[in-house]
Amino acid sequence: MSVEYINLAFGNLFGTGVPAVVGNLLGAGDIKGASKAFSQGFWLTTIVSVLLAVAMAVFTEPICAFFGATPDIMADTVAGVRTFAVLLPLTVIGQMITAVMRVDEKFIQANLMTVSAIVAICWLALSTFVLKFGVMGAGVYYGLSIGIWAIGIFWFIGGKKSQLQISLADLKLDLA
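Just so it is clear, the model here is predicted, and its values are computed rather than measured.

Undergrad: Which residues make up the overall build of the protein, and what values do they have?
TA: In terms of helices and strands, the protein carries six helices and zero strands. If you list the helices and strands of the protein from N to C, you get α-α-α-α-α-α. The C-alpha radius of gyration of the protein comes to 17 Å, within 12% of the 16 Å expected for a compact globule of 176 residues. Dimensions of the protein, computed from C-alpha atoms along their principal axes, come out at roughly 55 × 35 × 20 Å. Here the protein holds 176 residues, and 44% of them are scored as buried. Nonlocal contacts in the protein, meaning residues at least 24 apart in sequence, comprise 74% of its contacts between residues at least 6 apart. A total of about 9300 Å² of accessible surface is found on the protein, and carbon and sulfur atoms cover 73% of it. For the protein, the distance from the average site of its 9 positive side-chain charges to the average site of its 9 negative ones is 9 Å.

Shown next, in the form of structure tokens:
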């Protein structure tokens, strides 16, 4: 659960900051600026969440020990946290994407959240009672419960579905 709180902290960091900037710019009528801010926010979220996931995967045992895992549960805890770390970037990105979708496209955002809840609950039951994956299955559950929200990325790539677009050119971050 401590690792889940790290996920929620970073998801809320970007899921509050990016839509606030985007919403302010849209409210001011600056669609181009809002799109650039969103795209830059997407890339910053992606970079930070991938770095966080790598750190969690590399330093899993010390992190688990810090959060209270005892030797008798360490192996299971490490397996669960490493599994979740693989999906962590999707969960953080998903939180940011759905928060921006509240500004841009509420219907799709609500459907993503509903579908992810159904898939995650089904996975949790299957992985726990049928497949007996234990804590590793719970790691996948945590990743699916919010990570599926990252599918919303496709709303912002390419076509004209949204006035906000993700651009590869914005990978070069403008810190201003």
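Undergrad: Which residues make up the pattern of salt bridges, and what values do they have?
TA: In this structure the tally under the stated criterion is one salt bridge. The salt bridge partner of Lys-36 is Asp-170, with a shortest N-O separation of 3.1 Å. One end of the pair, Lys-36, is in helix 2 (residues 31-58); the other, Asp-170, is in the segment after helix 6 (135-147), and 134 residues separate them in sequence. The exposure class assigned to Lys-36 is partly exposed, which follows from its relative accessible area of 39%.

Undergrad: Tell me about helix 4 (residues 74-104), and name the residues and values.
TA: An ideal rise of 1.5 Å per residue puts 45 Å on 31 residues; helix 4 measures up with 43 Å between its terminal C-alpha atoms. Where helix 4 bends most, at Leu-87, the angle is about 50°, and the proline Pro-89 comes one to four residues later. For helix 4, a buried count of 23 out of 31 residues is recorded, marking the element as mostly surrounded by other parts of the structure.

Undergrad: Before we move on, could you go through the packing of aromatic side chains and cite the residues and values that matter?
TA: By the definition in use, this model includes six aromatic pairs. With centroids separated by 5.4 Å and ring planes inclined at 55°, the aromatic side chains of Tyr-141 and Tyr-142 adopt a geometry described as tilted. Pairwise contacts between aromatic rings join Phe-84, Tyr-141 and Tyr-142 into one cluster.

Undergrad: Please give an account of the nonpolar core that cites residues and values.
TA: Counting 34 residues, the largest nonpolar core has Phe-38, Ile-97 and Phe-156 as its most contacted members. Contributing elements (two or more residues each) for this core: helix 1 (2-27), helix 2 and helix 4. With 12 residues, helix 4 is the largest single contributor of residues to this core.

Undergrad: Explain the environment of Trp-123 to me, using residue names and the numbers behind them.
TA: Secondary-structure assignment places Trp-123 in helix 5 (residues 106-130). Every residue in contact with Trp-123, bar those within four places of it in the chain, is listed here: Leu-131, Phe-133, Gly-137, Val-140, Tyr-141 and Leu-144.

Undergrad: An account of unusual backbone geometry is requested, with residue identities and associated values reported.
TA: Not every positive phi belongs to a glycine, and Lys-132 is a case in point at roughly 55°. Take Lys-132: it is sitting in the loop between helix 5 and helix 6. Classification of Lys-132 as exposed rests on a relative accessible area of 61%.

Procedures and definitions
- The residue count restarts for each chain, going from 1 along the sequence in the order it is written.
- The model is predicted, so local features are restricted to residues of pLDDT at least 70 and side-chain atom pairs to those at 80 or more, both for listing and for counting; the totals for chains, interfaces and linings are taken over all residues.
- For the side-chain quantities, the full set of heavy atoms in the structure was used; hydrogens and water were omitted.
- Only DSSP runs of H or I covering at least 4 residues are called helices, and only runs of E covering at least 2 are called strands; the numbering of each starts at the N terminus.
- It is over C-alpha atoms that the radius of gyration is taken, and the globule rule equals 2.2 Å times the number of residues to the power 0.38.
- Throughout this description, buried means an accessible area under 20% of the type-specific maximum (1.4 Å probe, protein chains only), exposed means over 50%, and partly exposed covers the range between.
- Whether two residues are in contact is decided by their heavy atoms, any of which lying within 4.5 Å being enough.
- Surface accessibility in these figures is a Shrake-Rupley result with a 1.4 Å probe; residues are shielded only by whichever protein chains are displayed.
- Charge convention: Lys and Arg are scored as positive, Asp and Glu as negative, and His as well as the terminal groups of each chain are ignored.
- Where a charge sits is defined by one atom per residue type, namely NZ (Lys), CZ (Arg), CG (Asp) or CD (Glu).
- Salt bridges are identified by distance alone: a Lys or Arg side-chain nitrogen within 4 Å of an Asp or Glu carboxyl oxygen.
- To estimate how far a helix should extend, the number of its residues minus one is multiplied by 1.5 Å.
- Throughout, bend refers to the angle between the axes fitted to the seven residues that end at a position and the seven residues that start at it.
- Whether two aromatic rings pair depends on their centres lying within 6.5 Å, for rings of Phe, Tyr and Trp, where Trp uses its six-membered ring; planes under 30 degrees apart make the pair stacked, over 60 edge-to-face, and the rest tilted.
- The definition of a nonpolar core used throughout is a set of buried Ala, Val, Leu, Ile, Met, Phe, Trp, Tyr and Cys residues joined through side-chain atoms within 4.5 Å.

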